[in-house]
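Residue strings, one per chain:
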Amino acid sequence: MPQTLDFCNSFVSWVTKNEQSYGRFQLEATLQIKTPGVATKEYYLLSGVMAGNLYKSHQLVKAPPYYFQAVMSKTDYKVFRVYALQSKNEDSFQTINDTFEQVNFDLHYTTADQLAQVNEVIDASFANAKLNAKVQITTQDHTYLLLTFPIKHINVNQSKTIFQVETGTVMLPNAQYVQKPSIAHIDLAYINFNNQSKAEFAVLEATEVSPENHVRTFSGFQSHPAVINLHKLL
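These numbers come from a predicted model, not from an experiment.

Caption draft 1: Here's a closer look at the overall build of the chain. In terms of helices and strands, the chain carries two helices and 18 strands. Taking 2.2 N^0.38 as the reference for a compact globule, 234 residues should give roughly 17 Å; the C-alpha atoms of the chain span a radius of gyration of 19 Å, in line with that estimate. Reported as C-alpha extents along the three principal axes, the dimensions of the chain are approximately 50 × 40 × 40 Å. A burial count over the chain gives 43% of its 234 residues as buried. Considering only residue pairs separated by 6 or more positions, the chain has 56% of its internal contacts joining residues 24 or more positions apart. Accessible surface for the chain amounts to roughly 12,500 Å². Of this, 49% is attributable to carbon and sulfur atoms. In the chain, 18 positive and 20 negative side-chain charges are present, and the distance between their average locations comes to 3 Å.

Caption draft 2: Broad picture of the packing of aromatic side chains. A complete count under the given rule lists eight aromatic pairs for this structure. On the numbers, 6.5 Å between centres and 85° between planes, the contact of Phe-163 with Phe-193 is edge-to-face. Note that Phe-163 is positioned in strand 14 (residues 162-173) and Phe-193 in strand 15 (residues 186-193), a separation of 30 residues in sequence. The burial state of Phe-163 is the same as that of Phe-193; both residues are buried. Counting every residue linked through ring pairs, the aromatic cluster contains Trp-14, Phe-25, Tyr-77 and Phe-100. The ring of Phe-11 carries Arg-24 above its face, with NZ or CZ at 3.9 Å from the centroid. Over the ring of Phe-105 we find Lys-74, and its NZ or CZ is 5.1 Å from the ring centre.

Caption draft 3: Here's a closer look at the sheet that holds strand 17 (residues 214-225). Here we have five strands laid out as an open sheet, ordered 13-14-15-16-17, and antiparallel in their pairing. Looking at which strands have only one partner, the edges of the open sheet turn out to be strand 13 (154-157) and strand 17. Each adjacent strand pair in this sheet contributes to an overall mean axis angle of 25°, direction not counted. Where strand 13 meets strand 14, four bridges bridge the pair, whose relative direction is antiparallel. Its bridge partner lying in strand 14, Val-156 is registered against Phe-163.

Caption draft 4: Representation of the nonpolar core. Within the largest apolar cluster, 38 residues are counted, with the highest numbers of intra-cluster contacts made by Leu-147 and Phe-201. Setting aside its immediate chain neighbours within four residues, Phe-201 contacts Ile-137, Leu-147, Val-170, Leu-172, Ala-189, Tyr-190, Ile-191, Gly-220, Phe-221, Gln-222 and His-224.

Caption draft 5: Local environment of the pairing of strand 3 (residues 22-34). Examined bridge by bridge, strand 2 (residues 11-16) and strand 3 share five bridges and lie antiparallel to one another. Paired with Trp-14 across the bridge in strand 3 is Gly-23. Two successive antiparallel strands, strand 2 and strand 3, enclose a turn made up of five residues, where Gln-20 displays a positive phi of approximately 55°. Bridging between strand 3 and strand 4 (residues 41-46) involves six bridges; their strand directions are antiparallel. Across the sheet, residue Leu-31 finds its bridge partner in strand 4, namely Tyr-43. Between the end of strand 3 and the start of strand 4, which pair antiparallel, lie six residues, with Gly-37 showing a positive phi angle near 80°. Where strand 3 meets strand 12 (residues 144-150), five bridges bridge the pair, whose relative direction is antiparallel. Bridged to Lys-34 within strand 12 is Tyr-144.

Caption draft 6: Representation of the pattern of salt bridges within the structure. For the structure shown, the criterion picks out four salt bridges. Note that Arg-216 and Asp-91 form a salt bridge whose closest N and O atoms lie 2.6 Å from each other. Here Asp-91 lies in the loop between strand 7 (76-82) and strand 8 (92-95) and Arg-216 lies in strand 17, a separation of 125 residues in the sequence. Under the relative-accessibility criterion, Asp-91 is labelled buried at 17%.

Caption draft 7: Seen up close, helix 2 (residues 118-126). Where helix 2 is concerned, the buried positions are Val-121, Ile-122, Ala-124 and Ser-125. All buried residues of helix 2 lie within an arc of 165° about the axis, which places them on one face of the element. Looking at the packing, one finds that the buried side of helix 2 touches strand 10 (109-115), strand 11 (131-138), strand 13, strand 14 and strand 18 (227-233). Immediately downstream of helix 2, the backbone of Asn-128 shows phi near 55°, a positive value.

Conventions used here
- Residues numbered from 1 in each chain as written.
- Predicted model: local features only at pLDDT ≥ 70, side-chain atom pairs only at ≥ 80, totals over all residues.
- Heavy atoms only, no water.
- Helix = DSSP H or I, 4+ residues; strand = E, 2+ residues; numbered from the N terminus.
- Rg over C-alpha atoms; globule rule 2.2 N^0.38 Å.
- Buried < 20%, exposed > 50% of the residue type's maximum accessible area, 1.4 Å probe, protein only.
- Contact = heavy atoms within 4.5 Å.
- Areas by Shrake-Rupley, 256 points an atom, 1.4 Å probe, with all protein chains shown as cover.
- Lys, Arg positive; Asp, Glu negative; His and termini not counted.
- Charge placed at Lys NZ, Arg CZ, Asp CG, Glu CD.
- Phe/Tyr/Trp six-rings, centres within 6.5 Å; stacked < 30°, edge-to-face > 60°.
- Lys NZ or Arg CZ within 6 Å of the ring centre and 35° of its normal.
- Pairing = 2+ DSSP bridges.
- Axes fitted to C-alpha atoms, helices over the stretch in contact; angles between N-to-C directions.
- Core = buried A, V, L, I, M, F, W, Y, C linked by side-chain atoms within 4.5 Å.
- Salt bridge = Lys/Arg side-chain N within 4 Å of Asp/Glu carboxyl O.
- Arc of directions from axis to C-beta.

So far we have only geometry, and geometry alone does not tell us how the molecule works.
The structure is reproduced here in structure tokens:
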């Protein structure tokens, strides 16, 4: 019986060096990357939040407000900062030792049933079962990706015996990753699929609206042949 990550009960926590502040985030997704000639890399996506002014008595939400989401590896981290309008790239990436006194990966696994038939997916959806997906992609440059994530939204049609998953956020390496494997070249995306052989992605990108400002949205598009397995957590 396969094992799968229980995202609802898996967390990454940190203690910052300067503020001695403890932060805990629920795990959102994982990404494994195998690049020819390079050691396998594992990345962990933390839940996104609206950035705040910590421990203040008022104006807890930063102004201007922005969306904050972090990707962690065992050695490095990257923070995405998404403003409605931004004049420059505010993302940052550093080694864990630069910022954190301690980082803990509290990962919990559980047994699962693999859902091989569409009717099994439909039945599990109507039963409100917890569902995970594992999406395997081999790119044209022979890089192997394994995306694992919870299915937070799924559509099913009993009369047509079809389903469609629309969920996220997940992680994807961008085109620069092959030349320079680094957490700096991990992007955020949302994923859609309605079969087990192809996945489509809306990727976070910045579009210029003036020389000074860009609108950053999930506007990039990618489509990849894939091997997709669905699991029902037990």
